[in-house]
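Architecture and fold: a report
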Amino acid sequence: MPPTPRCEVGLSLRHLEKNFGGVRALADGSIKARRGEVHGILGENGAGKSTLIRVLSGVISRDGGEVILDGASLRLGSPAEALRAGIRTVFQESSLIPALTVAENVFFDRLPIGWHRRLRIRALHRLYASLMVALGARWLDPSVKVAALSVADRQLLEVAKAIGASPNVLILDEATSALSLADAEWVLHQVRRIADAGSVVLFVSHRLQEVKAIADRVTVLRSGRTVLEAKLDETISEDDLIEAMLGRRLARLYPKRQGVTHSGTLLRVDGLRAGTKLGPVDFMLKAGEILGLTALPGQGQRELLMSLSGDLRFNGGITLAGRRYAPRSPAEAQKHGVFMVPEDRQSEALFLRHSVQFNVTCSVLPVLTRGLGILDLRRERAVALSGANRVGLDSQRLVNPVATLSGGNQQKTIFARALLGQPRIFILFDSTRGVDVGTKADIYRLVTHLADKGVGVIFYSTDFTETLHVCDRIMVLHEGHIVGIAPAEAWNEETLLRYASGQPLARTGIRPGAQNMAN
Amino acid sequence: MNTVLHEKTAPLAIAAGLGRSVMAAARHQPAAAGAFALTLMLFAAATAHSLGFASLSNVRTLSIFAAFVGLAAMGETLVIIAGGLDLSVPWLIDFGGIALSQMHRSLHINLLLILLAVVFCGMILGAINGLLVTFLRAPPLIVTLGVGGLIEGYLVAVGTLQSSGDVVPDGIERFANANIGPLPDITLIWLVLAVLAACILSRTGFGRRIYAVGDNARAARLAGIHVERVRFATYVISGATASLAGILLTGYIQTAYVGMGADYLFGAIAAIALGGTALLGGTGSSWGTVAGACTLTVLAGLLPVLGLNTAAVKIVYGAIILAGVYFARALQQIGDRDRGSHTLCEIQPAQPDSDSETAVGIDPSRAVGRLGTRQTTGLGR
Amino acid sequence: MVPLFVALLLVDVLLQPDILTKPQIGLTIQTALPLILVTVAQCIVLLTGGIDISVGGTMVVANVLTATWVGSANGATWRLVLVPLIGLILGGLNGTLVVVGNFEPFIATLGTWAIYDGIALQILPSAGGATPAALSSWAQNVTNLIPTSILLLVVTVAIWGYWRSTNLCRHIYSIGSDEARARLSGVNVRRTKFSVYAIAGLLAALAGIYLALITGTGDATIGDGYILSSVEACVLGGISLEGGSGGVGLAVAGAFILTFIDGITSVLVLPPWVSIVLAAGLLIVVIGIRSRLVKFS
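Residues numbered from 1 in each chain as written. Chains lettered and ligands numbered in written order. Predicted model: local features only at pLDDT ≥ 70, side-chain atom pairs only at ≥ 80, totals over all residues.

1. What about the overall build of chain C?
Cut-off, in case you're wondering: Only DSSP runs of H or I covering at least 4 residues are called helices, and only runs of E covering at least 2 are called strands; the numbering of each starts at the N terminus. The globule rule used here is 2.2 Å times the number of residues to the 0.38 power, and the radius of gyration it is set against is calculated over C-alpha atoms.
Within chain C one finds 13 helices and 0 strands. The secondary structure elements of chain C, listed N-terminal to C-terminal, are α-α-α-α-α-α-α-α-α-α-α-α-α. By the compact-globule yardstick of 19 Å for 297 residues, chain C fits well, its C-alpha radius of gyration being 19 Å. C-alpha extents for chain C along the principal axes are approximately 50 × 45 × 35 Å.

2. Considerations on the overall build of chain B
Basically, it comes down to this: Each residue is classified by how many other C-beta atoms fall within 10 Å of its C-beta atom, where C-beta atoms are placed from the backbone; a count of 20 or more means buried, 12 or fewer means exposed, and values in between mean partly exposed. Residues are treated as contacting if the C-beta atoms built from their backbones sit within 7 Å of each other.
When helices and strands are tallied, chain B shows 15 helices and 2 strands. Of all 381 residues assigned to chain B, the portion counted as buried reaches 57%. Within chain B, contacts between residues at least 6 apart in sequence are counted, and of these 76% link residues at least 24 apart.

3. Section: the interface of chain B and chain C
Here is the rule we go by: Note on residue classes: Ala, Val, Leu, Ile, Met, Phe, Trp, Tyr, Cys and Pro are nonpolar, Asp, Glu, Lys and Arg are charged, and everything else, Gly too, is polar.
In this assembly, 41 residues from chain B lie in contact with 40 residues from chain C. The element that contributes the greatest number of residues to the side of chain B that touches chain C is helix α14 (residues 310-338) of chain B, accounting for 12 residues. Grouping the constituent residues of the side of chain B that touches chain C by class yields 29 nonpolar, 7 polar and 5 charged.

4. Some words on the sheet that holds strand β12 (residues 278-286) of chain A
Pairing between the strands of a sheet comes from backbone hydrogen bonds, and it takes one of two forms, parallel or antiparallel. Residues and elements named next belong to chain A. As a reminder, the rule being used: In short, DSSP must find at least two bridges between two strands for them to pair.
Spatial ordering of the open sheet is given by β12-β11-β14-β15, a layout of 4 strands whose pairing is antiparallel. Each having just a single partner strand, β12 and β15 (323-324) make up the two edges of the open sheet. As paired strands, strand β14 (residues 315-320) and β15 are joined by 2 bridges and run antiparallel to one another. Paired with threonine 319 across the bridge in β15 is arginine 324.

5. Quick look at the sheet that holds strand β20 (residues 481-487) of chain A
Residue and element names in this part refer to chain A. Cut-off, in case you're wondering: Axes here refer to lines fitted to C-alpha atoms; in helices the fit is confined to the stretch in contact. Angles between the N-to-C directions go from 0 to 180 degrees.
With respect to topology, 6 strands assemble into an open sheet ordered β16-β17-β18-β13-β19-β20, the strand pairing being mixed. Of all the strands in the sheet, just β16 (338-341) and β20 have a single pairing partner and so form its edges. Averaged over all neighbouring strand pairs, the angle between strand axes comes to 20°, with direction disregarded. For strand β19 (residues 473-478) and β20, the ladder comprises 6 bridges, and the chain directions are antiparallel. When the bridges of β20 are listed, methionine 475 appears paired with isoleucine 485. Its contacts with the sheet place helix α9 (residues 301-308) against β13 (290-294), β16, β17 (425-429), β18 (456-460) and β19, and it is angled at close to 150° to β17.

6. A short note on helix α8 (residues 185-203) of chain B
Residues and elements named next belong to chain B. Rules: One fewer than the residue count of a helix, multiplied by 1.5 Å, yields its expected span. Our arc is simply the arc of the directions from the helix axis toward the C-beta atoms.
Counted at 1.5 Å a residue, the expected span for α8 with its 19 residues is 27 Å, and the 26 Å between its end C-alpha atoms agrees. Within α8, burial applies to Ile186, Thr187, Trp190, Ala194, Ala197, Ala198 and Leu201. For α8, the arc enclosing every buried residue in end-on projection is 105°, short of the 170-degree limit, so these residues lie on one face. α8 presents Val192 and Leu196 as exposed residues on the side facing more than 90 degrees away from its buried surface. Contacts made by the buried residues of α8 are with α3 (56-81), α7 (170-176), β2 (183-184), α9 (205-215), α11 (227-253) and α13 (286-305).

7. Digging into the packing of α3 of chain B against α8 of chain B
Helix-helix packing is characterised by the crossing angle of the two axes and by the distance between the axes. Residues and elements named next belong to chain B. The test is simple: Oblique is the label for any angle not covered by the other classes, which are roughly parallel (under 35 degrees), roughly antiparallel (over 145) and roughly perpendicular (65 to 115). Crossings are sorted by hand: turned counterclockwise from the far helix by less than a right angle, the near helix makes the crossing left-handed, and turned clockwise it makes it right-handed.
Look at α3 against α8: their axes get within 9 Å of each other, and the N-to-C directions meet at 25°. With respect to their mutual orientation, α3 and α8 come out roughly parallel. Classified by chirality, the crossing of α8 by α3 is left-handed. In contact with Ser63, Ile64, Ala67, Gly70, Leu71, Met74 and Leu78 of α3, α8 contributes Ile186, Thr187, Trp190, Leu193, Ala194 and Ala197. Broken down by class, the residue content of the contact of α3 with α8 amounts to 10 nonpolar, 3 polar and no charged.

8. Overview of the confidence of the model for chain B
Note that predicted coordinates carrying low pLDDT should not be read in detail. Residues and elements named next belong to chain B. How we decide: For every residue, the pLDDT score states the predictor's confidence, bounded by 0 at the bottom and 100 at the top.
Mean pLDDT for chain B: 80, with 80% of residues reaching 70 or above. Predicted confidence for residues 1-5 stays below pLDDT 50, and this span has 0 contacts to residues more than four positions away or in other chains. Low confidence marks residues 161-165, where pLDDT is under 50. Its contacts with residues over four positions away, or in another chain, come to 11 contacts.

9. Remarks on the packing of helix α6 (residues 133-140) of chain C against helix α10 (residues 189-215) of chain C
All names here are of chain C. Taken N-terminus to C-terminus, the directions of α6 and α10 make an angle of 95°; their axes are 7 Å apart at the nearest point. On the basis of the axis angle, α6 is roughly perpendicular to α10. Facing α6, whose interface residues are Leu135, Ser136, Ala139 and Gln140, α10 presents Tyr210, Leu213 and Ile214. Partitioned by chemical class, the residues of the contact of α6 with α10 number 5 nonpolar, 2 polar and no charged.

10. Observations regarding the nonpolar core
Rule in force here: For our purposes the nonpolar core covers buried Ala, Val, Leu, Ile, Met, Phe, Trp, Tyr and Cys residues that link as a set through C-beta atoms within 7 Å.
Counting residues in hydrophobic clusters, the biggest one holds 374 residues, and the most contacted among them are Phe203 and Phe459 of chain A together with Val69 and Ala72 of chain B. With 17 residues, the top contributor of residues to this core is α10 of chain C. The residues contacting valine 69 of chain B, other than those within four sequence positions of it, are Tyr264, Gly267, Ala268, Ala271, Ala293, Leu296 and Thr297 of chain B.

11. Quick look at the environment of isoleucine 374 of chain A
When you line up the elements, isoleucine 374 of chain A lands in the loop between α13 (365-368) and α14 (377-391). Among residues more than four places away in sequence, those in contact with isoleucine 374 of chain A are Thr369 of chain A together with Arg203 and Thr204 of chain B.

12. Some thoughts on the pairing of β12 of chain A
Residues and elements named next belong to chain A. Relative to β12, strand β11 (residues 265-274) runs antiparallel, the two being bridged by 6 bridges. Across the sheet, the residue bridging to leucine 267 is leucine 285, located in β12. Hairpin connection from β11 to β12: 3 residues lie between these consecutive antiparallel strands, with glycine 275 at a positive phi of about 60°.

13. Remarks on the confidence of the model for chain C
The predicted model of chain C averages 87 in pLDDT, with 98% of residues at 70 or higher. On the interface metric, ipTM, the complex scores 0.84, and its pTM is 0.84.

14. What to know about the pairing of β17 of chain A
All names here are of chain A. Stated formally: By the criterion used throughout, a crossover qualifies as right-handed when its path from the first strand across the helix to the second strand runs clockwise, the strands pointing away from the viewer.
With 5 of 5 residues buried, β17 is to be regarded as a mostly interior element. The alternating pattern of β17 places Ile425, Ile427 and Phe429 on one face and Phe426 and Leu428 on the opposite face, and all of these are buried. Here 4 bridges tie β16 to β17, and the two strands are oriented parallel to one another. For phenylalanine 339, the partnering residue across the bridge sits in β17 and is phenylalanine 426. Where β17 lies against β18, 5 bridges are found, and the strand directions are parallel. The residue of β18 that forms the bridge with leucine 428 is phenylalanine 459. Once the chain exits β17 it traverses helix α16 (residues 437-452) before rejoining the sheet at β18, and the crossover so formed is right-handed.

15. Digging into the environment of leucine 188 of chain B
Residue and element names in this part refer to chain B. One can find leucine 188 in helix α8. It is 9.4 Å that separates the C-alpha atoms of leucine 188 and serine 63, two residues lying 125 residues apart in sequence. Each residue touching leucine 188, except ones within four places of it in the same chain, is listed here: Ile180 and Leu183.

16. A short note on unusual backbone geometry
For residues other than glycine, phi is negative in most cases, and the peptide bonds are mostly trans. Residue and element names in this part refer to chain B. Notably, glutamine 254 is not glycine yet its phi reads approximately 60°, a positive angle. Positionally, glutamine 254 belongs in the loop between α11 and α12 (264-274). Of the residues examined, glutamine 254 has 17 C-beta atoms within 10 Å and is grouped as partly exposed.

17. A few points about helix α12 (residues 248-267) of chain C
In an α-helix there are 3.6 residues to a turn, and that puts residues three or four apart on one side. Residue and element names in this part refer to chain C. Given a rise of 1.5 Å per residue, 20 residues ought to cover 28 Å, and the 29 Å separating the end C-alpha atoms of α12 matches this to within 8%. Buried residues of α12: Val248, Ala251, Val252, Ala253, Gly254, Ala255, Phe256, Ile257, Leu258, Thr259, Phe260 and Gly263, and no others. Phi turns positive one or two residues past the end of α12, at valine 269, with a value near 50°.

18. What to know about the environment of isoleucine 425 of chain A
Residue and element names in this part refer to chain A. Within the secondary structure, isoleucine 425 is located in strand β17. Since 24 C-beta atoms lie within 10 Å of it, isoleucine 425 is described here as buried. Distance in space between the C-alpha atoms of isoleucine 425 and glycine 454 is 9.2 Å, their sequence separation being 29 residues. The residues contacting isoleucine 425, other than those within four sequence positions of it, are Leu266, Leu267, Gly337, Val338, Val455 and Gly456.

Listed below in structure tokens is the structure:
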């Protein structure tokens with residue numbers, strides 16, 4: 001790296017635009033990132049952060065605007081092109097290839113090629129060892145396939161891979177979301193070191209605290225536009241940043257639940273184990289209660305929610321309204337009134353080639369058929385309309401292909417489908433991720449309304465703020481076990497993070513285990 | 001007076017009504033309409049070249065050949081829409097023909113019973129396909145190929161009837177060569193079944209589930225659909241239609257032998273693809289396959305008329321498959337766009353405000369979804 | 001898969017002890033080599049998650065060209081060098097359809113298969129023609145110091161061993177394993193896929209040439225049997241149809257297994273259906289065992 005004067009603008013994005021099928025994901029993304037500084041990018045989920053990052057790393061091509069690195073305009077037609085320009089990205093979803101080993105992944109584009117395979121691998125492992133020692137990173141076996149690593153290890157490796165290439169521009173997209181506190185600290189330390197060496201560093205996160213701790217300067221995106229760019233010092237308050245992110249004051253986003261009355265126990269989980277990651281866990285859910293669940297990625301929450309919704313076989317006892325509950329499929333779970341809104345809209349919930357109506361009614365087809373399985377189309381229309389009305393989905397939209405809808409309306413479609421089944425237990429699997437603020441508010445209202453009517457709600461979210469505001473009780477999962485369960489008032493964002501990282505502190509007053517279960 | 005007037009205007013009204021519904025259908029199934037249009041153009045070209053092409057007898061013959069392709073492809077259309085593939089179709093056709101002859105020789109029972117028994121056996125073979133695909137979770141391409149091999153082995157083992165036309169039941173022979181009104185029996189059966197298949201796909205809960213399973217099996221399962229049952233049923237139906245095609249083919253060519261279905265291995269798939277059904281599942285229609293079968297048959301009839309030899313016929317055949325699939329896709333995309341979707345053609349589901357999930361062919365969030373699915377499967381589901 | 005391979009080899013050896021003599025080994029490999037080459041072609045395509053139906057077509061084009069264009073005149077033998085290039089071009093056309101035309105590999109290669117088959121039929125409507133005599137006798141020779149077929153197999157294995165350590169190979173596995181991530185990591189997905197189809201065309205052409213040389217004639221209809229057999233051999237060898245897993249070496253073992261089954265049934269004078277049922281049954285059993293293993297791992 002040639003000695004570059006600090007604080008000189010290294011990377012400048014001018015009015016980036018990106019449309020997906022006529023809908024604007026990025027309308028005016030502008031950033032001026034200086035060398036030697038860590039530049040934070042803040043924004044709600046869905047504000048256009050990831051789109052911006054994807055444009056910058058060549059994953060998607062931009063529709064307009066300019067990317068200028070050290071005075072030269074970049075085309076960025078493919079990820080390979082971005083890599084050649086020295087832009088390294090730590091992707092939220094990890095770009096590591098599961099079929100290859102740890103060392104092969106880290107040195108993927110600069111493998112030591114020799115004639116003889118064995119020699120080359122030894123050289124590779126030497127390179128790997130010297131890199132990891134130089135970085136002071138946690139040691140991972142170089143010859144293990146990445147497929148065998150945990151989510152946290154993968155994220156760590158992804159960071160090591162990017163930093164190890166001494167990038168000209170380093171981009172971190174939610175790089176610490178799955179990491180324990182110690183690993184996250186290591187990442188932040190490395191980020192600072194790379195910035196000090198004169199690289200451009202973009203640090204994307206939705207965790208305000210983290211950005212405040214590491215970044216020197218921040219850009220806030222909202223609805224695809226840059227709404228604020230500022231130096232992070234005393235003059236700017238946290239509330240200013242939040243208001244810039246949300247476009248409104250926080251307090252108005254969450255509904256107030258009045259007169260919470262929980263009747264009898266609806267669901268009792270005893271010694272539930274599933275897969276290799278989960279269990280045993282015990283908890284119970286009352287009718288009319290919103291039970292929050294939060295955890296870092298890959299802590300067994302998927303196994304827990306999938307077991308409850310009938311997708312995964314489990315060991316242990318679950319009783320639903322006093323009767324044994326052991327669904328063999330989601331279909332059977334739904335017969336018992338247990339409905340889930342899956343995590344990934346596109347791969348787990350939507351039939352993208354079909355209309356909204358098709359997507360809404362596909363779970364209630366048996367009620368819509370007359371003799372010989374023939375559909376009553378008029379009835380289907382009426383049912384779809386009632387479903388759309390319940391979630392506030394424009395009824396004109398019913399005939400449109402679901403793929404043309406915005407993320408928020410797609411999510412509403414899935415909610416409409418689940419609500420038509422008359423749920424007794426309603427499970428949300430990180431359902432507010434990637435939807436706009438308006439839809440979020442709608443979802444909070446809907447969930448509260450359901451709970452008021454006696455439905456038991458399990459609300460899993462990775463967003464601590466909303467978990468704290470929406471739920472009656474919150475439990476935290478770490479390495480497959482419930483490490484804390486207590487009324488929402490007893491938690492705050494810091495304690496949630498500490499428990500989720502597996503480092504609960506005694507002084508918080510919340511002791512792990514199920515003793516607070518009785519609420 | 002009134003009646004006279006009525007009689008005069010009635011054909012017009014019917015024609016207008018027909019035209020309207022054809023237009024509506026064309027809007028709904030642009031690829032099928034495109035394939036039909038292609039068929040008509042090829043037919044017109046052939047007729048312009050030699051008038052005899054449009055003679056009633058030639059059209060009848062063509063319609064019978066189209067019926068064989070169409071029947072072979074009918075069940076497979078459902079299989080493919082549900083996201084599967086059935087390569088055992090040619091051997092199921094062999095089986096239909098040979099089983100018919102065998103049963104006729106050894107069992108002296110009513111012909112109708114024999115027919116039912118053969119179709120039932122075909123369904124059982126389809127069920128074996130279905131069971132292996134759903135419970136072994138093995139790729140359908142390999143499983144159905146393996147089952148096809150087993151059927152072939154069995155047929156060769158029980159002793160083939162090399163061109164023993166005398167064993168083909170007279171009844172089926174007469175039926176296969178007779179006409180009802182202007183249409184041959186075989187064509188009529190095909191069209192009736194095609195209408196039935198179209199109704200199943202568009203008007204029943206089962207049809208909905210087929211589309212859902214083919215579009216996104218994971219989502220279908222989580223939405224409470226029994227994915228395995230739906231897939232299983234499509235293979236059973238494919239077994240039924242393919243063995244029926246074998247029965248009728250045997251009646252028509254008055255012989256049964258191992259290998260008589262060989263042409264339908266890729267022919268059926270080509271017809272399905274020409275009709276706008278994506279081989280990856282989730283979209284398509286019975287009418288598309290009917291149209292595709294017509295296109296292929298007219299093409300196969302036209303090329304020799306034009307004086308092309310077998311080699312040239314093959315080349316044109318391949319080129320038409322590629323061009324047809326290309327245009328079917330283009331038409332389907334235009335249709336989607338008309339209904340308000342620009343996104344499908346770019347394979348980019350709209351993600352206006354989604355940050356954490358993008359769309360594009362290169363879609364990391366989907367990759368993660370896939371990963372998640374794999375993990376859960378690995379967990380013993 | 002290896003135990004099965006060894007078991008079948010042992011059965012074969014027990015049935016005909018003289019198989020272990022050099023000419024017999026040479027002959028066995030000679031029988032297996034065309035399928036091996038096509039299997040390797042199919043294998044690399046399957047590893048990217050695609051499929052190539054047209055290998056049969058490319059193979060017969062090369063086959064009939066060798067028996068006519070190359071063998072037609074005495075001075076024309078040098079043309080043999082061009083035949084693999086033609087295979088490369090035909091494969092490249094597949095690659096173009098898949099990469100640029102966005103065709104599903106199955107449909108694209110289904111269409112080109114018909115086209116290539118037609119071209120071969122046009123060149124040589126019925127089996128016949130003649131290959132260069134000197135080359136043919138070299139290819140057929142099993143009594144040399146090293147029989148030609150063994151030599152060629154060794155060359156194939158050596159090239160594969162080298163190829164395995166190239167970046168192209170790693171990129172192929174990456175694409176098959178996870179196309180999106182491969183692209184994120186800087187793999188040129190389109191170029192790699194294109195190369196894979198082109199190389200598959202080259203290998204299929206080599207198989208066609210070799211088959212023409214050992215039989216001394218050309219035949220435009222021999223290709224069809226190799227299409228599904230090559231997929232079968234790959235599956236027997238543990239290649240996943242979803243791409244990204246399995247090795248070329250095991251696929252070659254799969255090709256040998258199919259050859260052994262044929263060999264054993266013909267030695268025992270078993271009726272033809274036995275080998276059909278054996279091959280098909282084996283396929284289902286292998287798939288069954290593998291999916292069970294995946295389930296419980």
